[in-house]
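Examination of the molecular architecture
Each chain, written out:
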Amino acid sequence: FRQRPGEQNSLALVKFMSACPPALAPGILALFPHSNKFVTRNLATVLGHAGTGHEDALAPVVTHADVRVGRGALRALAQIGSARALEIVRGALTEREDVAAPAVDVFWSFAGARQAALERLADAGFVSSHPALARRLLEHAATQFDSDLERVAAALEALGFHLWRPALLALGLAAARV
């Protein structure tokens, strides 16, 4: 590794470390997050393979200045898949756009995502503050129609008359199509 440094070597090392992550996790936590963004991203991957109990260590890295590091932390949380990991990803949905966009993609990999999305869509404050995100959540949730979605969509449909806020108008129109 020392004679031929490069991305291939670091990927091989990450794969090797991911093979036995529970044993390595305590030592990794002492180095995490690292001052080098690439090291932080790779350690996040290993912590994701280590499983539950490492969510709180990954949480601050989700909003890292380098988007690739944040995406790595989000993927690690999805790998863990716990209720605490879902809570952290839900919080990332309302962060700046470069954090929220990958968070939406990761969000749907959780078992409780649909119910969490319906809760968010039923929250008028969330919908008003983040209409574009609410629209993305609604459109994805609409792939599985049920009575809960019908109730939420009916409430959001009234937003189609908010001509002065185009994002809310678009959300209301999307709700009408559901």
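The shown structure was predicted, so the numbers you read here are calculated from the model rather than taken from an experiment.

This part takes up the pattern of salt bridges. For the structure shown, the criterion picks out eight salt bridges. For Glu139, the salt bridge is made with Arg135, and the minimal N-O distance between the two is 3.0 Å. Taken together, the residues Glu139 and Arg135, both in helix H10 (residues 131-141) and four residues apart, mark about one turn of the helix.

Turning next to the packing of aromatic side chains. For the coordinates displayed, the defined rule picks out one aromatic pair. Summarising the aromatic geometry, the rings of Phe107 and Trp108 are spaced 5.1 Å apart at their centres and angled 80° between planes, so their arrangement reads as edge-to-face. The same class applies to Phe107 and to Trp108, which are both buried.

Another aspect to go through is the environment of Asp123. Residue position: Asp123 is located in the loop between helix H8 (113-122) and helix H9 (124-129). Only 3.1 Å separates the side chain of Asp123 from the backbone nitrogen of Gly125, close enough to count as a polar contact.

The next point concerns the confidence of the model for the protein chain. Residue-level pLDDT values for the protein chain average 84, and 88% of them are 70 or greater. Counting contacts from residues 1-6, a segment whose pLDDT is below 50, to residues more than four positions away or on other chains yields two contacts.

Where helix H11 (residues 147-157) meets helix H12 (residues 166-177), the closest approach of the two axes is 8 Å, and the angle between their N-to-C directions is 140°. Judged by the inter-axis angle, H11 sits oblique to H12. Of the two possible hands of crossing, H11 and H12 adopt the one that is left-handed. Of the residues in H12, those in contact with Ala153, Leu156 and Glu157 of H11 are Leu171, Gly172, Ala175 and Ala176.

What counts and how
- Residues numbered from 1 in each chain as written.
- Predicted model: local features only at pLDDT ≥ 70, side-chain atom pairs only at ≥ 80, totals over all residues.
- Heavy atoms only, no water.
- Salt bridge = Lys/Arg side-chain N within 4 Å of Asp/Glu carboxyl O.
- Helix = DSSP H or I, 4+ residues; strand = E, 2+ residues; numbered from the N terminus.
- Phe/Tyr/Trp six-rings, centres within 6.5 Å; stacked < 30°, edge-to-face > 60°.
- Buried < 20%, exposed > 50% of the residue type's maximum accessible area, 1.4 Å probe, protein only.
- Polar contact = N/O pair within 3.5 Å; in protein donor to acceptor, adjacent residues only side chain to side chain.
- pLDDT = per-residue confidence, 0-100.
- Contact = heavy atoms within 4.5 Å.
- Axes fitted to C-alpha atoms, helices over the stretch in contact; angles between N-to-C directions.
- Parallel < 35°, antiparallel > 145°, perpendicular 65-115°, else oblique.
- Left-handed = near helix turned anticlockwise from the far one by under 90°.

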